[in-house]
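# Report on the structure
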Amino acid sequence: MNKPTVQDVFHRFYPSYLETYTPTAMQAKAAHSIINCKTGAYGANTSICENCGRLQIHYNSCRNRCCPMCQTLPRDKWIDARKEDVLDAPYFHVVFTVPQELNPLIYNNQKVLYDAMYHSVSSTIEELTADPKHLGAKVGYICVLHTWGSELNFHPHIHVILLGGGLTEKNTWKDKGADFFLPVKVLSRKFRDNYLRKLRELNEAHLLEFHGSCEKYRNYYYFKELIDCCYKKEWIPHCKKTFNGAQSVINYLGKYTHRLAISNRRIIRMDEKTVTFHVKDYKNEGKWKELTLSGVEFIRRFLMHVPPKRFTRIRHYGLLCNRSKKKHLTLCRNLLGCKAYLSRLRGKETPEIVELLYGIKVTECRCCGGCLKPVPQRRIILRN
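Let me begin by describing the structure that accompanies this report.

Conventions used here
- Residues numbered from 1 in each chain as written.
- Predicted model: local features only at pLDDT ≥ 70, side-chain atom pairs only at ≥ 80, totals over all residues.
- Heavy atoms only, no water.
- Axes fitted to C-alpha atoms, helices over the stretch in contact; angles between N-to-C directions.
- Helix = DSSP H or I, 4+ residues; strand = E, 2+ residues; numbered from the N terminus.
- Parallel < 35°, antiparallel > 145°, perpendicular 65-115°, else oblique.
- Left-handed = near helix turned anticlockwise from the far one by under 90°.
- Contact = heavy atoms within 4.5 Å.
- Nonpolar A, V, L, I, M, F, W, Y, C, P; charged D, E, K, R; others polar.
- Phe/Tyr/Trp six-rings, centres within 6.5 Å; stacked < 30°, edge-to-face > 60°.
- Buried < 20%, exposed > 50% of the residue type's maximum accessible area, 1.4 Å probe, protein only.
- Lys NZ or Arg CZ within 6 Å of the ring centre and 35° of its normal.
- Disulfide = S-S within 2.5 Å.
- Pairing = 2+ DSSP bridges.
- Polar contact = N/O pair within 3.5 Å; in protein donor to acceptor, adjacent residues only side chain to side chain.
- Patch = residues over 30% accessible without salt bridge, like charges linked within 9 Å, V, L, I, M, F, W, Y side chains within 5 Å.
- Areas by Shrake-Rupley, 256 points an atom, 1.4 Å probe, with all protein chains shown as cover.
- Salt bridge = Lys/Arg side-chain N within 4 Å of Asp/Glu carboxyl O.
- Lys, Arg positive; Asp, Glu negative; His and termini not counted.
- Charge placed at Lys NZ, Arg CZ, Asp CG, Glu CD.

### Quick word on the packing of helix α5 (residues 110-130) against helix α6 (residues 184-204)
Contact pair α5 / α6: the axes reach a minimum separation of 9 Å and the direction vectors enclose 140°. One way to sum up the angle between α5 and α6 is to call them oblique. For the crossing formed where α5 meets α6, the hand is right-handed. For the pair α5 and α6, the contacting residues are Val 112, Leu 113, Ala 116, Met 117, His 119, Ser 120, Val 121, Ser 123, Thr 124, Glu 127 and Leu 128 in the first and Val 186, Leu 187, Lys 190, Phe 191, Asn 194, Tyr 195, Lys 198, Leu 199 and Leu 202 in the second. Each residue belonging to the contact of α5 with α6 can be placed in one class, and the counts come to twelve nonpolar, five polar and three charged.

Shown next as structure tokens:
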């Protein structure tokens, strides 16, 4: 099959996957959602044209955040809402990664150690930006956790969209223009120290679990050896240049906030045993190449990136914290003299949003252009 979807892969290989592996409850739920999305398993909306009488059926989506078919509308609505948070100021994209030696331990303790990554990133940014030597102001930033590499391997890292300026203690605006204001080496070492300190604290509080290849870290000396090994490494964060204008910030956000481990467009073909998809070859200037995996291995790697239950992947800090951002952003706009970007989707119903974003009139008959009227859902009661 050429150009298959993730759903096609699950339909074909998920039964074989279950013969070898036992998914967690959240992984099983994600797999079930992907397999049944838009198939009628989640019900359907039925409409009839008032003009020609044609019946149209729209099958409901699963709305699972791991389903590639359900992310477009939530992503675009989220991006539109974030327009109201954007300032005409420099923005930077920073990526925080951890050494691969920690990957097995993090996978064994996903919720605890993902949270520790967020807390360490936040502590690092707030401590350095508050220092007058670097900026001396309170900044705003959005953190998004990704757990995958291009080959679907486990590679936890946090993307940060960082405002390049902030409010001082006297409520004045301060920035350093288009140049990144935090030394990368200092940023790296501070994040390393914060995260490894969290690991030690969690271990001493007996809040970590050790299974599989991590079993040996139950021993104090092996755990200490792991921490010491990570201390000796340079944790290299990646920083991209400032964005060109506020609108580019808005568009850029969507590339990272609702991204999944793999999208349907990256899958090239599928046969009886394997799946072939595009991956980036970072050793060759990021050029695209093909990678072929067995279908079972593809599903195993895909399900590794299902987040824990009720886990919040997108988090706002500083000036963008939900509790106080309205007051802070209003003050920042007054100081910068910049305009407010208004959401064009606020208060609109889903049919209006779909038409505005994609030009699709869901209330219009595809045959004659007449008006579609919902057919009332009837409840059938079975009696013995």
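### Brief notes about the packing of aromatic side chains
Counted by the stated rule, this structure contains 18 aromatic pairs. Ring geometry for Tyr 14 versus Tyr 17: centroids 5.7 Å apart, planes at 20°, classification stacked. Note that Tyr 14 and Tyr 17 are positioned in helix α1 (residues 6-20) at a spacing of three residues, about one turn of the helix. Residue Tyr 14 shares its accessibility class with Tyr 17, and that shared class is buried. With 5.5 Å between their ring centres and 45° between their planes, Phe 180 and Phe 181 make a pair best called tilted. The ring of Tyr 118 has Arg 315 sitting right over it, with the charged end atom 3.9 Å from the ring centre.

### With respect to the state of the cysteines
All chains considered together, the criterion is met by zero disulfides. Free cysteine: Cys 52, not disulfide-bonded; nearest cysteine sulfur from Cys 49 at 3.6 Å.

### Notes on the environment of Arg 333
Looking at the element boundaries, Arg 333 is found in helix α10 (residues 325-336). In sequence terms Arg 333 and Asp 88 are 245 residues apart; their C-alpha atoms lie 8.3 Å from each other. In this view, Arg 333 contacts Glu 84, Asp 85, Val 86, Leu 87, Cys 338, Lys 339 and Ala 340; residues no more than four positions away in its chain are not counted.

### A word on the packing of α1 against helix α2 (residues 25-36)
Relative orientation of the contacting elements α1 and α2 amounts to 130°, with a least axis distance of 8 Å. Classified by the angle between their axes, α1 and α2 sit oblique to one another. Handedness of the α1/α2 crossing: left-handed. For the pair α1 and α2, contact is made by Val 6, Gln 7, Phe 10, His 11, Tyr 14 and Tyr 17 and by Gln 27, Ala 28, Ala 31, Ile 34, Ile 35 and Asn 36, respectively. Partitioned by chemical class, the residues of the contact of α1 with α2 number eight nonpolar, four polar and no charged.

### Regarding unusual backbone geometry
Note on backbone geometry: most residues besides glycine have negative phi, and most peptide bonds are trans. Phi angles above zero are rare outside glycine, and Lys 38 is one such case at about 55°. Counting through the fold element by element, Lys 38 comes out in the loop between α2 and β1 (44-49). For Lys 38, a relative accessible area of 40% gives the class partly exposed. Residue Arg 63 is not a glycine yet carries a positive backbone phi of 65°. Its location among the elements puts Arg 63 in the loop between β2 (55-59) and α3 (72-82).

### Considering the sheet that holds strand β4 (residues 140-148)
An order of β8-β3-β5-β4-β12 is seen for the five strands of this open sheet, with the pairing classed as antiparallel. One side of each edge strand has no neighbouring strand; the edge strands of this open sheet are β8 (238-240) and β12 (314-318). Put simply, the sheet's adjacent strands are angled 20° from each other on average, direction ignored. Note that strand β3 (residues 91-97) and β8 share three bridges and pair antiparallel. Looking at β8, one finds that Val 95 is bridged to His 238.

### What about the side chain of His 316?
Among the structural elements, His 316 can be located in strand β12. Apart from the residues within four sequence positions on either side, His 316 is in contact with Trp 78, Arg 82, Tyr 141, Ile 142 and Cys 321.

### Examining the side chain of Glu 297
With respect to the element layout, Glu 297 can be found in helix α9 (residues 295-303). The class for Glu 297 is buried, based on a relative accessible area of 18%. Only 2.8 Å separates the side chain of Glu 297 from the side chain of Arg 301, close enough to count as a polar contact.

### Quick notes on a positive patch on the surface
On the surface, a cluster of positive charge is contributed by Lys 240, Lys 255, Arg 259, Arg 265 and Lys 280. For Lys 280, a relative accessible area of 32% puts it in the partly exposed group.

### As for the pattern of salt bridges
As enumerated under the stated definition, the model contains 17 salt bridges in all. When the shortest N-O distance is used, the salt bridge between Asp 193 and Arg 192 registers 3.5 Å. Exposure remark for Asp 193: the relative accessible area of 28% places this residue in the partly exposed category. Assessed through its relative accessible area of 12%, Arg 192 is described here as buried. By sharing partners, the salt bridges in this structure join Arg 82, Asp 85 and Lys 325 into a single network.

Bear in mind that shape data such as this cannot, by itself, settle questions of function.
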